[in-house]
Every structure is written in structure tokens, then in C-alpha cells.
Amino acid sequence: MLISGRGSNFTAIADVMAAQAWSADIVAVISNKADAAGLEHARERGFATAALSHKDFADRAGFDAAMMALIDGYQPDLVILAGFMRILTDAFVDHYAGRLINIHPSLLPSFPGLKTHEQALDAGVRLHGATVHFVTPTLDHGPVLIQGAVPVKAGDDPATLAARVLRVEHQIYPLAVRWLIDGQARLVDGKVLLEPGLQPWVFDSVG
Ligand code: GRF
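Report follows, based on the coordinates. All figures in this text were calculated on a predicted structure; none of them were measured in a lab. (Residues numbered from 1 in each chain as written. Predicted model: local features only at pLDDT ≥ 70, side-chain atom pairs only at ≥ 80, totals over all residues. Heavy atoms only, no water.)

Along the backbone of the protein chain there are six helices and 10 strands. Radius of gyration (C-alpha) of the protein chain: 17 Å, near the 17 Å computed for a compact globule of 207 residues. On the principal axes, the C-alpha backbone points of the protein chain span a range of 45 × 40 × 35 Å. For the protein chain, buried positions account for 44% of its 207 residues. Positive and negative side-chain charges in the protein chain, numbering 16 and 22 respectively, have mean positions lying 5 Å apart. (Helix = DSSP H or I, 4+ residues; strand = E, 2+ residues; numbered from the N terminus. Rg over C-alpha atoms; globule rule 2.2 N^0.38 Å. Buried < 20%, exposed > 50% of the residue type's maximum accessible area, 1.4 Å probe, protein only. Lys, Arg positive; Asp, Glu negative; His and termini not counted. Charge placed at Lys NZ, Arg CZ, Asp CG, Glu CD.)

Printed below as a string of C-alpha cells:
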């Protein structure tokens, strides 16, 4: 699990993992920021943690190579980006092809990049949300596992909208991870194939 900040998606996954007694474990929580709040949450829960600062490397390729070595030391089956605020090199993405997933706070392909809630408000869309997807070399693209939609409400500002989207993020990311762990979702010819009966979307109008 790779994080850069508060790590609420990490804790959402960890909580569901514990509550449902998954036959899987989080082998490490790694951050490019040693002071990421999420690392503290990980330590409190007893998970291995590590920090590797991108500032200690001259270039992106050097950082990504060191990060790959660090990650591979834990031998994960799945590499989960949960608010990891780094643009990844193609070498990194290729190395974990098919087992690298991300959550992005928009209904992709709308609003890639940063400030997605501002983008949504500026565009005047009525639905917004989040997407869990396999990572490919193009930023915020890649085969979609699940999407969570929320309404945009009158009077929303980026913060209120972000909070509503975050609620649905915490619902969809554990689902997607579970499907992958259980082999219920697979990547076939660049598309996600789901076991029949799985619902690859959530609509949350409550928050
Ligand atoms: C989330 O909104 C996620 O979609 C985006 O970064 C944020 C991370 O939040 N990629 P957290 O660290 O999981 O709380």
C-alpha cells in the first residue's frame, strides 16, 4: 500500500479486511513522506511501514527504482496506490503491470489530474465520484474496476464535495481489492472481467 497523506483509504481497506477476515494481509504501508499521518495509523494497527523520500533522489527514475526495490522486498501480490501523490515512470508501471491499482477522485475519464472537485464544480456536472482502476502509463487512465458516484448538491464547495466523494471512495476501494484478492476480477485484453453478479458501481446520495 503506497500513501502520501492521511491514509483514509488505507484505513478503510484495513478495517474491511479485518472485519471480513480476508485471507490476505497488508505486507507494508510505504510513503514518500515520513510524516504522513497514514503511516502512524498503519503503525497503530501493527502493519510494517517504510518511508522513502523522493527528495533524496536526483530524478524520478532513481526514486522509482529505489521504490521498486523497497516494494519488492515485501513480495506483494498487489500494489495499492491510496493517495500516493507521485507521477510514476513507465518503468514502475510496467514492472507492476496487472497488479497496480489506484483510486482517483473523479468519474474517469472526466477530470484526470489534480483539483478534481474544483474541476467538477467548474464544469457544472450533476454527478461526481471516484474510480478504482488499474494503472497504465497514461496518468489517471487504465481499465476501470469500480466507480462510485455521488450527486453534486446546490451550495457545494470543493470541500463539501470532496467529503461526499471520500465516503464513496471508502466503499468502493475495499470492494475492488477484495475482488482482486479473491480472483473475482481479472484483467483480460486490457479490460476488467468481473464474476457475474458483482456490481461495479456504487451510488451514495446520503453524504
Ligand atoms: C483520495 O481522495 C484519493 O482519491 C486521492 O487522494 C486522496 C487520498 O486520501 N488519490 P487518503 O490519503 O486515502 O485519505
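Quick look at the site of the ligand now. The immediate surroundings of the ligand are formed by Arg6, Gly7, Ser8, Asn9, Gly83, Ile103, Pro105 and Glu169. For the ligand, an oxygen atom lies 2.8 Å from a polar atom in the backbone of glycine 7. Take isoleucine 103: an N or O atom from its main chain is 3.1 Å from a nitrogen atom of the ligand. Protein coverage of the free-state accessible area of the ligand, which is 360 Å², stands at 87%. (Near = heavy atom within 4 Å. Polar contact = N/O pair within 3.5 Å; in protein donor to acceptor, adjacent residues only side chain to side chain. Areas by Shrake-Rupley, 256 points an atom, 1.4 Å probe, with all protein chains shown as cover.)

Here helix H5 (residues 116-123) crosses helix H6 (residues 158-181) at 110°, and the two axes come no closer than 9 Å. Compared by their axis directions, H5 and H6 come out roughly perpendicular. When the axes of H5 and H6 are compared, the crossing they make is right-handed. Every residue of H6 that contacts H5 at His117, Glu118, Ala120 and Leu121 is listed here: Pro158, Leu161, Ala162 and Val165. In terms of residue class, the contact of H5 with H6 is made up of six nonpolar, one polar and one charged. (Axes fitted to C-alpha atoms, helices over the stretch in contact; angles between N-to-C directions. Parallel < 35°, antiparallel > 145°, perpendicular 65-115°, else oblique. Left-handed = near helix turned anticlockwise from the far one by under 90°. Contact = heavy atoms within 4.5 Å. Nonpolar A, V, L, I, M, F, W, Y, C, P; charged D, E, K, R; others polar.)

The final tally for this structure, using the stated rule, is three aromatic pairs. Taking the ring centre of phenylalanine 63 as reference, the NZ or CZ of arginine 86 above it sits at 5.0 Å. (Phe/Tyr/Trp six-rings, centres within 6.5 Å; stacked < 30°, edge-to-face > 60°. Lys NZ or Arg CZ within 6 Å of the ring centre and 35° of its normal.)

The subject of this paragraph is the side chain of aspartate 140. Along the chain, aspartate 140 turns up in the loop between strand E6 (127-134) and strand E7 (144-151). Among buried Asp, Glu, Lys and Arg side chains, aspartate 140 stands out as unpaired, with arginine 60 the closest opposite charge at 12 Å. Reaching out from aspartate 140, the side chain makes a polar contact with the side chain of histidine 104 at a distance of 3.3 Å. (Salt bridge = Lys/Arg side-chain N within 4 Å of Asp/Glu carboxyl O.)

On to a nonpolar patch on the surface. Taken together, Leu127, Trp201 and Phe203 make up a surface patch of nonpolar side chains, about 340 Å² in accessible area. As for its position among the elements, phenylalanine 203 is in strand E10 (residues 201-203). Given a relative accessible area of 45%, phenylalanine 203 falls into the partly exposed group. (Patch = residues over 30% accessible without salt bridge, like charges linked within 9 Å, V, L, I, M, F, W, Y side chains within 5 Å.)

The next point concerns H5. Inspection of H5 places Thr116, His117 and Ala120 among the buried residues, and these make up the whole buried set. What you see down the axis of H5 is that its buried residues fit within an arc of 100°, all on one side. If you follow the buried residues of H5, they end up packed against strand E5 (100-104), E6 and H6. With its phi angle positive at about 75°, glycine 124 sits one or two positions after the end of H5. (Arc of directions from axis to C-beta.)

Looking now at the nonpolar core. Grouped burial of nonpolar side chains is what soluble globular proteins tend to show. Core analysis: the largest hydrophobic core is formed by 39 residues, its most contacted members being Met1, Phe10, Val29, Ile101, Val132, Leu145 and Tyr173. Looking at this core, the element that brings in the most residues is H6, giving nine residues. Look past the residues within four positions of methionine 1 in its chain and what remains in contact with it is Phe10, Ile13, Ile26, Ala28, Val29, Ile30, Ile80 and Ala82. One finds Leu2, Ile30, Met68 and Leu100 within the second-largest nonpolar core, a separate group that totals 18 residues. (Core = buried A, V, L, I, M, F, W, Y, C linked by side-chain atoms within 4.5 Å.)

So, about the pattern of salt bridges. In this structure the tally under the stated criterion is five salt bridges. Here aspartate 156 ties to arginine 164 by a salt bridge, and the two come within 2.7 Å at their closest N and O atoms. We note that aspartate 156, like arginine 164, is buried.

All we've got here are geometric facts, nothing functional implied.
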